[in-house]
Amino acid sequence: MTRKALLRFDQVGCRRGGAMLFSDISFALDAGGALLLHGPNGAGKSSLIRLAAGLLRPEGGTVDLSCATGLLTHDLALDDGLTVQGAIGFWAKLDGRDGSESDAALQAVGLASLANVPVRFLSSGQKRRAALARVIASAAPLWLLDEPGVGLDSRSLDLLASTISRHRSSGGAVVVATHMELGLGDAQVIDLGVAC
């Protein structure tokens with residue numbers, strides 16, 4: 001018996017603002033897998049991630065998602081008025097978790113010492129790591145990460161790479177749009193080429 005892929009695109013196309021960004025994209029992503037998205041700004045990397053999350057409808061083809069997702073986009077989705085732990089716990093509860101996952105998630109991204117600090121006082125890199133903690137606390141098998149390394153220093157990039165590696169080792173999978181080296185040498189690669 002074959003296991004069902006966590007995410008499958010079959011001949012998927014995407015149109016935004018009247019322009020066809022891409023067409024005929026096909027891949028299957030299994031547990032432990034990684035998909036790396038390359039291409040210039042405007043080529044459709046973020047749109048492909050939004051298609052995978054179910055936030056956009058494909059222009060053609062089918063998207064089959066068989067698990068929960070943790071989504072990290074440019075909008076970090078953290079309430080500036082809450083503490084870091086409160087903001088992570090809020091999302092964990094929305095994801096059906098009991099909120100206790102926030103401690104381990106903050107530890108994983110090196111922010112445990114800032115758990116009681118309001119989000120508004122974090123640097124941009126710390127906010128990015130807090131948003132990654134939000135994804136970790138969701139316990140979703142599939143992570144959809146749009147430029148997760150933006151604003152991170154080299155130490156934080158190493159932390160991001162090791163966090164992704166641990167997630168994959170435990171049976172999770174990732175789709176990552178990035179131009180940075182994150183230790184994903186074994187990943188499937190889709191190069192969306194030149195923007196339309």
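Our subject is the structure that appears above.
In this report, we go over the structure that sits alongside the text. Nothing here was measured: the structure is a model prediction, and the numbers come from that model. (Residues numbered from 1 in each chain as written. Predicted model: local features only at pLDDT ≥ 70, side-chain atom pairs only at ≥ 80, totals over all residues. Heavy atoms only, no water.)

## Brief notes about the pattern of salt bridges
Thought 1: In total, this model carries four salt bridges according to the counting rule given.
Thought 2: For Asp64, the salt bridge identified is with Lys4, shortest N-O distance 3.6 Å. With a gap of 60 residues between them, Asp64 in strand β4 (residues 60-65) and Lys4 in the segment before β1 (7-16) connect regions that are remote in the sequence.
Thought 3: Looking at Asp64, the relative accessible area reads 31%, which means it is partly exposed.
Thought 4: By relative accessible area, Lys4 is classed as exposed at 57%.
Thought 5: Its salt-bridge partner being Asp186, residue Arg168 comes within 2.9 Å of it at the nearest N-O pair. Here Arg168 is found in helix α5 (residues 154-169), whereas its partner Asp186 is found in the loop between β7 (173-177) and β8 (188-191), with 18 residues between them in sequence.
Thought 6: A residue is classified by how much of its surface remains accessible, and Asp186, at 56% relative accessible area, is exposed. (Salt bridge = Lys/Arg side-chain N within 4 Å of Asp/Glu carboxyl O. Helix = DSSP H or I, 4+ residues; strand = E, 2+ residues; numbered from the N terminus. Buried < 20%, exposed > 50% of the residue type's maximum accessible area, 1.4 Å probe, protein only.)

## A short note on the side chain of Arg129
Thought 1: Mapping Arg129 onto the fold places it in helix α4 (residues 124-137).
Thought 2: Once residues within four sequence positions are removed from consideration, Arg129 is found in contact with Val109, Gly110, Leu111, Leu152, Ser156 and Leu159. (Contact = heavy atoms within 4.5 Å.)

## A look at the sheet that holds strand β2 (residues 19-29)
Thought 1: Pairing is antiparallel across the open sheet formed by three strands, whose spatial order is β2-β1-β4. The open sheet has two free edges, formed respectively by β2 and β4, since each of these has just one partner strand. Strand after strand, the sheet turns through a mean of 30° between neighbouring axes, direction not considered.
Thought 2: Relative to β2, β1 is paired through seven bridges, and the arrangement is antiparallel. Each residue of the ladder has a partner; that of Arg16, found in β2, is Ala19.
Thought 3: Strand contacts of helix α1 (residues 45-53): β1, β2 and β4, with the helix running at about 125° to β1, the strand carrying the most contacts. (Pairing = 2+ DSSP bridges. Axes fitted to C-alpha atoms, helices over the stretch in contact; angles between N-to-C directions.)

## Here we look at the nonpolar core
Thought 1: With 33 residues, the main nonpolar core has Leu78, Ile164 and Leu184 as its most contacted residues.
Thought 2: At the level of secondary structure, the elements contributing two or more residues to this core comprise β3 (34-38), α2 (84-94), α3 (101-108), α4, β6 (142-146), α5 and β7.
Thought 3: If one sorts the elements of this core by residue count, α4 sits on top with six residues.
Thought 4: Residues contacting Leu184, with those up to four places away along its chain left out, are Ala34, Leu36, Ile164, Arg168 and Val176. (Core = buried A, V, L, I, M, F, W, Y, C linked by side-chain atoms within 4.5 Å.)

## So, the packing of aromatic side chains
Each aromatic ring pair is characterised by the separation of its centres together with the angle its planes make.
Thought 1: In this structure the tally under the stated criterion is two aromatic pairs.
Thought 2: Geometrically, the ring pair formed by Phe9 and Phe27 is stacked, given 4.7 Å between the ring centres and 25° between the ring planes. A residue pair is termed long-range when its members are at least 10 positions apart, and Phe9 in strand β1 and Phe27 in strand β2 qualify at 18 residues.
Thought 3: Between Phe90 and Trp91 the ring centres are 5.6 Å apart and the planes differ by 85°, which places this aromatic pair in the edge-to-face class.
Thought 4: The ring of Trp91 is capped by Arg134, whose NZ or CZ atom sits 5.8 Å from the centre of that ring. (Phe/Tyr/Trp six-rings, centres within 6.5 Å; stacked < 30°, edge-to-face > 60°. Lys NZ or Arg CZ within 6 Å of the ring centre and 35° of its normal.)

## A look at the packing of α2 against α4
Thought 1: Their axes nearest at 9 Å, the elements α2 and α4 cross at an angle of 35°. For the pair α2 and α4, the sense of crossing is right-handed. Packed against α2, whose contacting residues are Val84, Ile88, Trp91 and Ala92, the element α4 presents Ala130, Ala133, Arg134 and Ala137 at the interface. (Left-handed = near helix turned anticlockwise from the far one by under 90°.)

## Observations concerning the pairing of β1
Thought 1: Taking the residues that link successive antiparallel strands as the turn, the β1-β2 hairpin has two residues, and the phi of Gly17 there is positive, at about 60°.
Thought 2: With five bridges joining them, β1 and β4 adopt antiparallel strand pairing. Bridge pairing in β4 places Gly13 opposite Gly60.

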